[in-house]
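# Analysis of the macromolecular model
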Amino acid sequence: MLRSQTKLLDLGRRQLPGLWRCLTKANISKLTMVEVDDKSGIATLTLNRPPVNSCNLELLLELNENIKQIECNKSRGLILTSSNEKVFSSGLDLNELYKPDQARLRAFWTALHEMWLSLYQCRIPTAAAINGHAIAVGCVLSAACEYRVMLPGFSIGIHATKFGYVVPHFIMISYLSVLPRRLVERALLQGKLFSTEEALQVNLVDEVADSKAEALCKCAEFIDSFKQTQPAARALTKRQFRAPDVQVLIDDPEGQLREALDYINKPSFQEGLGEYLRNLKAKDKH
Amino acid sequence: MLRSQTKLLDLGRRQLPGLWRCLTKANISKLTMVEVDDKSGIATLTLNRPPVNSCNLELLLELNENIKQIECNKSRGLILTSSNEKVFSSGLDLNELYKPDQARLRAFWTALHEMWLSLYQCRIPTAAAINGHAIAVGCVLSAACEYRVMLPGFSIGIHATKFGYVVPHFIMISYLSVLPRRLVERALLQGKLFSTEEALQVNLVDEVADSKAEALCKCAEFIDSFKQTQPAARALTKRQFRAPDVQVLIDDPEGQLREALDYINKPSFQEGLGEYLRNLKAKDKH
Amino acid sequence: MLRSQTKLLDLGRRQLPGLWRCLTKANISKLTMVEVDDKSGIATLTLNRPPVNSCNLELLLELNENIKQIECNKSRGLILTSSNEKVFSSGLDLNELYKPDQARLRAFWTALHEMWLSLYQCRIPTAAAINGHAIAVGCVLSAACEYRVMLPGFSIGIHATKFGYVVPHFIMISYLSVLPRRLVERALLQGKLFSTEEALQVNLVDEVADSKAEALCKCAEFIDSFKQTQPAARALTKRQFRAPDVQVLIDDPEGQLREALDYINKPSFQEGLGEYLRNLKAKDKH
């Protein structure tokens, strides 16, 4: 299983050698920020792509690199948050999906798979300080963590059915790992965005905090709850527990990739997406 | 997957050509009623087989036909309800199971499979206005819908263990798609019938309404919650989400059928059922 | 499937013929006690291995034998409890795992598998009267029953990550059959011990009782809830419902055994366990 995952990762790199070479540390540091608290040993990974932390190829690659480095650098835990005061993440950068260059689209979706696998299977404790709207992949990023603290007044959810997208298996899994099946189906079909209060009520988030500082603090407390556990046993237990969830993606990365790309390239989806993007732009002008 | 389902459907028709020919529209309309609200585009499918809407072969065939037609006729949603003020459905017509003609039993159980698959995988939003007792397959019909509104003072549940029946996989799935696993096992083993209040508490039903009209209204509101979603994406998401649940029945319809028929034909089951039916008749006389 | 289970059982016996021969009824009765209430037909199986009902090979073999005999003797139900007023069970006897004799370790783990399968798939209703701490396999024993009543002031949970152990699949299943997935993962990773109140809140236990007598009474009431069901249908429904949970252990007992033994024999695990045991002994002295 782990072998296949490495292969999947290599695939992404091999396909975009030029891109990888030019992603120097300097470039990388613009889209995310990493701070490690020397005292607590906790790393904070901050999404930092204005205006709304939408995930393009470069952000996904950088997130994946950072998650892997934080995991290897013996950090005691990882907190995911945003530098934006209103938006945790708006989801995928839809420009990557609209009339896409096929090579870049392939690299983009591969990077999405890899990043999700890295976060979902991260050996160390993970928590999300959701200090703004967490939409679509923004919600998926949060759900992939082991704990979620959210600020009031924001929305979280997967609204794919609203712009004609059918979520792939790994995104269904994100919801299923947190919510009861009955609610997952309904939320996915309705494209429901939960308010902070609703999210707390159904346990889509674990706590509500009044400020980003308090949210970070509660995340750190969660990470501290593992203080008396042996890290290697914790990591392996997490890996084994989540193994059935990632099996499809690990066993058949090419099939999952092809299915996603086929769907994205469908004329009907492209038309719907085009209209959705034009409406967004029209709204922005007014 | 869809191919196999069509095959399963054909099987049922091929086996009973005579029966199918004589099921003219006029005959059919007696056991169920379909009304489509032109304004809302919502179709209401009403169970109408006195005295207690027990499902015999003809009702199952008609339900299946109606569900498929409502799905194809571009209705915006389907509401399942009963013309009877006391009973939504009492479940299967046990006369179909007792000392059965084998050809008819085979057609009956095939029709049950097909009808359940049609309802469970229906492309449009589905809701049940449970305006009376929903027992056994009556509960299964409700659980196969996406939403349930129930009137107070009634019972809902699967009481198979009480008359010696072991529920097949697809009936377990009905419960598991709605209730937490812990409760499903206990309810199945106890043959538990939930009161309306109990059903609401465990989320076996989503809402309680004081009248049938109010129940239909709440079901329509649920269907309206999909107004801003794209129907094709919604339908495909539902299909994919529910795919693992129907896999056994799709992959091995003959095996599932044989298992059910073998069980029904067991002398011990037939004896128990005979006694159960005699007790029912004795009760009716007093 | 049932064939394989029988094979697994035979395997355990064949490997330790000497041991089996010397486990005469007299010896057996020391580690557990069985009382059958002639009026109710309910058998009470009491763990009775001082000081803390830790499960060694002999206790596991005896538990398994007793569960099977109670099941065959047409008892109406089985209640599991402890003769110790403070401890239901402290879990596995860690001395069986530390610097083990390989033949005995193999027999020990095989006995654990068999005992769990016997309890988890027991044909008759099962309930645990948890009258003390239920730690690790103590919790697994409780979770394998269909109902749990716990006395206040005690702890229940699986704390394996705290001494470096990675729980095998069947132990994850124990939790998953009772708790929602989200809580299972967190509890396993934290090695969480729930207080009685916490356990009640998440439904890890079903009721709280003020005394052992009351707990036994509530367990008997649960068993009575099956009075109107047909025992054979109940047993087969339970077996079928739990079948997917035991599939790994039934299909590949040797693989599951090897995986467990490999882990236990790892130098890193042995070192950690040694330290854990030394700390326990040091605590006992003070």
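Residue numbering note: each chain is counted from 1, following its sequence as written. Numbering of ligands from 1 and lettering of chains from A proceed in the order in which they are written. Totals for whole chains, interfaces and linings use every residue, but because this is a predicted model, local features are given only for residues with pLDDT of at least 70 and side-chain atom pairs only at 80 or more, for both listing and counting. As a rule here, side-chain values come from all non-hydrogen atoms in the structure, and water together with hydrogens is ignored.

By the naming in an unreviewed UniProt entry, chain A is Enoyl-CoA delta isomerase 1, mitochondrial, taken from Drosophila navojoa. UniProt positions are given in the numbering used here, feature names are shortened, and annotations may be inferred rather than shown by experiment. Listed under Subunit (unreviewed entry) in UniProt, the entry text for chain A is "Homotrimer."

Only residues with pLDDT of at least 70 in both copies count here: their C-alpha atoms drive the least-squares fit that superposes the copies. Under the fitted operation, chain C is carried onto chain A by 0.0 Å of movement along the axis and a turn of 120 degrees, and the coordinates agree to an RMSD of 0.0 Å. Here the copies are linked by what is in effect a three-fold axis. Of the C-alpha atoms belonging to chain C, the one lying closest to the rotation axis is found on Pro180(C), 4.3 Å away.

Moving on, we come to the interface of chain A and chain B. Pairs of residues are marked as contacts when any of their non-hydrogen atoms sit within 4.5 Å. Chain A puts 18 residues into the contact, and the matching count from chain B is 24 residues. Buried area is understood as the total, over both parts, of accessible area removed when two parts are fitted together, assessed with a 1.4 Å probe. For the chain A and chain B pair, buried surface summed over both sides reaches about 1,900 Å², with 59% attributable to carbon and sulfur atoms. Throughout this description, the term salt bridge denotes a Lys or Arg side-chain nitrogen within 4 Å of a carboxyl oxygen of Asp or Glu. The tally of links from chain A across to chain B stands at 4 salt bridges. Each polar contact in these results corresponds to two N or O atoms within 3.5 Å; when the atoms are within protein, one needs to be able to donate a hydrogen and the other to accept it, and residues that are neighboring in sequence are counted only if both atoms are side-chain atoms. Connecting chain A to chain B are 9 residue pairs in polar contact (both at pLDDT 80 or more). Secondary structure elements are defined from DSSP: runs of H or I of at least 4 residues count as helices, runs of E of at least 2 residues count as strands, and each element is numbered from the N terminus. Listing elements by their share of the side of chain A that touches chain B, those giving two or more residues are α7 (169–176) and α8 (181–190) of chain A. Of all the elements, α8(A) adds the most residues to the side of chain A that touches chain B, at 8 residues. When the residues that make up the side of chain A that touches chain B are grouped by side-chain class, the tally is 10 nonpolar, 3 polar and 5 charged. Charged residues are taken to be Asp, Glu, Lys and Arg, nonpolar residues to be Ala, Val, Leu, Ile, Met, Phe, Trp, Tyr, Cys and Pro, and polar residues to be all remaining types, Gly included.

For the pair chain A and chain B, the superposition axis carries a translation of 0.0 Å, the fit reaches an RMSD of 0.0 Å, and the rotation angle comes to 120 degrees. Different-surface contact between copies: only 6% of interface residues of chain A are shared with the interface of chain B.

Note on aromatic contacts: the rings of Phe and Tyr and the six-membered ring of Trp form a pair at centre separations within 6.5 Å, being stacked when their planes are under 30 degrees apart, edge-to-face when over 60 apart, and tilted otherwise. Throughout the structure, instances matching the rule amount to 30 aromatic pairs over all chains. Ring geometry for Trp109(A) and Tyr165(A): centres 6.3 Å apart, planes at 55 degrees, overall tilted. Taken together, the residues span a long stretch of sequence, with Trp109(A) in helix α5 (residues 102–120) and Tyr165(A) in the loop between β10 (155–157) and α7 at a distance of 56 residues. Side by side, Trp109(A) and Tyr165(A) carry an identical accessibility label, which is buried. On the basis of an interplanar angle of 50 degrees and a centroid distance of 5.6 Å, the ring pair of Tyr263(C) and Phe269(C) is categorised as tilted. Accessibility here uses a 1.4 Å probe with only protein chains present; expressed as a share of the type maximum, an area under 20% marks a residue as buried, one over 50% as exposed, and anything in between as partly exposed. The exposure class of Tyr263(C) is buried, given its relative accessible area of 15%. These aromatic residues form a ring-pair network of at least three members: Phe108(A), Trp109(A), Tyr165(A), Tyr263(A) and Phe269(A). Two conditions define a charge sitting above a ring: the NZ of Lys or the CZ of Arg must be within 6 Å of the ring centre, and it must be within 35 degrees of the ring normal. The positively charged end of Arg242(B) is found above the aromatic ring belonging to Tyr120(B), 4.2 Å away from the centroid. Sitting above the plane of the Phe226(C) ring, Arg234(C) keeps its charged end 4.4 Å from the centroid.

Residues and elements named next belong to chain A. Patch criteria: residues need more than 30% relative accessible area and no salt bridge. Like-charged residues are merged within 9 Å; nonpolar side chains of Val, Leu, Ile, Met, Phe, Trp and Tyr are merged within 5 Å. Working definition of accessibility: Shrake-Rupley area with a 1.4 Å probe, residue cover restricted to the visible protein chains. When charges are counted, neither His nor the chain ends are considered; positive counts come from Lys and Arg and negative counts from Asp and Glu. Charged groups are reduced to one reference atom each: NZ for lysine, CZ for arginine, CG for aspartic acid, CD for glutamic acid. On the surface, a cluster of negative charge is made up of Asp251, Asp252, Glu259 and Asp262. Mapped onto the elements of the fold, Asp252 is located in the loop between α11 (231–251) and α12 (253–265). Looking at Asp252, the relative accessible area reads 38%, which means it is partly exposed.

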